[in-house]
Structures are given as C-alpha cells and as structure tokens.
Amino acid sequence: MAIGEDAIDVGATLRDLRRRVDLSQRELADRSGVPKSTLARIEAGRGAGPAFRTVERLVRAAGGELAVRLPGDESRLDEPRLDEPEAEGPETERSGADEPEAELRDEAGRRYPAHLDVRRVLTLKDWPGAWWVHSYTLPERLWPLRVPELTYDLDRGRRDERRWRNRTRAQVRFRRATEGLPVTSWRFLAEVPGAGAVGELRAHERSVDLLLGEDWGDRRELVLEGVVVAPGLRTLGIGRQLIGLLAREMAVAGIRTTHAIAEAGGVDFLLACGFELQAGRPSALALEVRSSRP
C-alpha cells in the first residue's frame, strides 16, 4: 500500500486488503489493537481522516506493508508527518451503523461482512446448497429447499479458491507461441502474469494433397493434438478461448478445417466450441471456419 500524488480511498483499500486475507472487522481489530468501531468508521469513510499510525497498525496486522515515498523517489520515508493526526483513545463498539456501506443485505436488512464475498444466486450452480439438483436433476417443484437470493462460502478454502479463479479470469492473456517450433506446428498459450501458462492448445498442419494423392493446390488442414487447462480452472472458458484464437488464426492463414479425435467429456467440449461430429465416426470432429483472405 503506497501513498503517492493521487489521493487514495483508505477505507476501500483497507476493506479490500481485509477481504483478501479473509479477516472480519472484529478479527482485524483484535489483531491490530484498533477498536472495531474505529475500523468500521475508516472503512465507511466517515469522520476525519485516520491517523497514519492507525492505518499502519491495521495494514501490518493484515500482513500488508505501508510505504510513503516522495514523487520520483524510490527511497522509503520511515517517519512520515501527517498534518492532522487523529486522537486515539478507548472506544466502545457501536452498532452496525458504523459498518461499511454495502449493496447486498440479508433478509433482515443487515449488511454482510465484506470478507465473505457475498454473491447473487443467478443459477443453481451459484449456490453450494443446490448439490441435490446437480446430482438428481430435480425439477423445481420437487426442490426440498428454497433457493436464496444471495449466498456465500463459509469455508475459507472455498473462498480462496473462488478468488483465485476470479483473479485468473481477469488476468489471463492469450497468444500464439512460435519460438522453437516448425512452421507447421501451431501452439497457443493462456498465461497469467507472474504465474506462467495455465492453458495450452497444440495442433499441426497436414497436406490434403499428400493425404489424398491429388493436386488441390497445396490445400492444408489442421489436426488438433490437444487442449489442456490447469486443474481448478477448467470451467472458466479458457479452453474455449484457445479454440477461438485458433479459429481466428486459421481464417487469416486460409485454412478451413481442423480435425480432432476425442472421447467422453472431450466430445462435449469440442461440440460446445463449434466442432461437428463426422458421419460414421462418433469420436471424430471437425471445425470449419471462413477464410479472411480476399
């Protein structure tokens, strides 16, 4: 956390830091020694600006680091001076009026703790309690439980996994890799900065002329070797985006067809990406694209 020329929203920054380390307001207050009501007021942006020492204690208690630097200077100022320090003193905890404003509330009108990552139930897959629907595909009239409007994960491991997936979805970048490959090899990567590749697609060209023994004007097509996505990230659409990038590159190169052999879930995945089953060959699929060449 750094303070530079542009003003920062201290409350929002603290709330985000607390959410990332999965701490409630009470837990962070206990760790830092700052009264919970003070923390709630800071996060809500109410009252005068907080004292630097107060913010520092909160940040350090959450495992973060607070640094203040002069413009253009990378050296750290260990003894910053703030014009309007806030007096610290014993405080009693107040009601939820000091909690940060939040868009989502429970059925009693109470705000949810920020670290729980409350989300709306848009489909049954959003609600962990709907395992019975996925397992038995029950029609709505037979659902044993009422589906709530909002939900969250109580288990910290599940929250961390969901945050990791969301960060990956936001940060992943796609590119075609050509280094060290022959010109007939096609390789596409899905990469996350600082983490490396989380997905990969490989294919190779083959000559239709040589395959059929006919002169088709050096007609080429692709054979899909495989699409691999890191465990835990296989429902984020990474594989589908790799197929989409392949199709765009095929259009540029004037190659119309990609063939693939798949089984079980791989067939369903390729069908969802636009491949079609080949007549008489239930495991063989092909993707047809239009060339972008004039």
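Here we look at the nonpolar core
For step 1, the next point in the chain: The biggest cluster of nonpolar side chains holds 31 residues, and the ones touching the most others in it are Trp-186, Leu-201, Leu-224, Ile-238, Ile-243, Leu-270 and Phe-275.
For step 2, the next point in the chain: Mapped by element, the contributors of at least two residues to this core are strand S6 (185-192), strand S7 (196-207), strand S8 (220-229), helix H8 (238-253), helix H9 (265-272) and strand S11 (281-288).
For step 3, the next point in the chain: In terms of residue count, H8 provides more of this core than any other element does, eight residues in total.
For step 4, the next point in the chain: Not counting the four nearest positions on each side in its chain, Phe-275 is found in contact with Leu-224, Ile-243, Thr-258, Ala-260, Leu-270, Leu-285, Ala-286 and Leu-287.
For step 5, the next point in the chain: In terms of nonpolar packing, the next biggest core, distinct from the first, is built from 14 residues, Leu-17, Val-55, Leu-58 and Val-59 among them.

Re the confidence of the model for the protein
For step 1, the next point in the chain: Taken over all residues, the pLDDT of the protein has a mean of 78, while the share at 70 or more is 80%.
For step 2, the next point in the chain: Looking over the protein, one finds the lowest element-wise mean pLDDT in strand S1 (residues 2-3), namely 46, and the highest in S6, namely 96.
For step 3, the next point in the chain: Note that pLDDT drops below 50 for residues 1-5; the model gives that stretch 16 contacts with residues more than four away or on any other chain.
For step 4, the next point in the chain: Here residues 75-102 is modelled with pLDDT under 50, and outside its nearest four sequence neighbours on either side it reaches 56 contacts, counting other chains as well.

Quick word on the packing of helix H2 (residues 25-32) against helix H4 (residues 52-61)
For step 1, the next point in the chain: Contact pair H2 / H4: the axes reach a minimum separation of 9 Å and the direction vectors enclose 110°. With respect to each other, H2 and H4 are oriented roughly perpendicular. The segment H2 lies against H4, with Leu-28, Arg-31 and Ser-32 engaging Arg-57, Leu-58 and Ala-61.
For step 2, the next point in the chain: Of the residues that constitute the contact of H2 with H4, the class distribution is three nonpolar, one polar and two charged.

The rules behind the values
- Residues numbered from 1 in each chain as written.
- Predicted model: local features only at pLDDT ≥ 70, side-chain atom pairs only at ≥ 80, totals over all residues.
- Heavy atoms only, no water.
- Core = buried A, V, L, I, M, F, W, Y, C linked by side-chain atoms within 4.5 Å.
- Buried < 20%, exposed > 50% of the residue type's maximum accessible area, 1.4 Å probe, protein only.
- Helix = DSSP H or I, 4+ residues; strand = E, 2+ residues; numbered from the N terminus.
- Contact = heavy atoms within 4.5 Å.
- pLDDT = per-residue confidence, 0-100.
- Axes fitted to C-alpha atoms, helices over the stretch in contact; angles between N-to-C directions.
- Parallel < 35°, antiparallel > 145°, perpendicular 65-115°, else oblique.
- Nonpolar A, V, L, I, M, F, W, Y, C, P; charged D, E, K, R; others polar.

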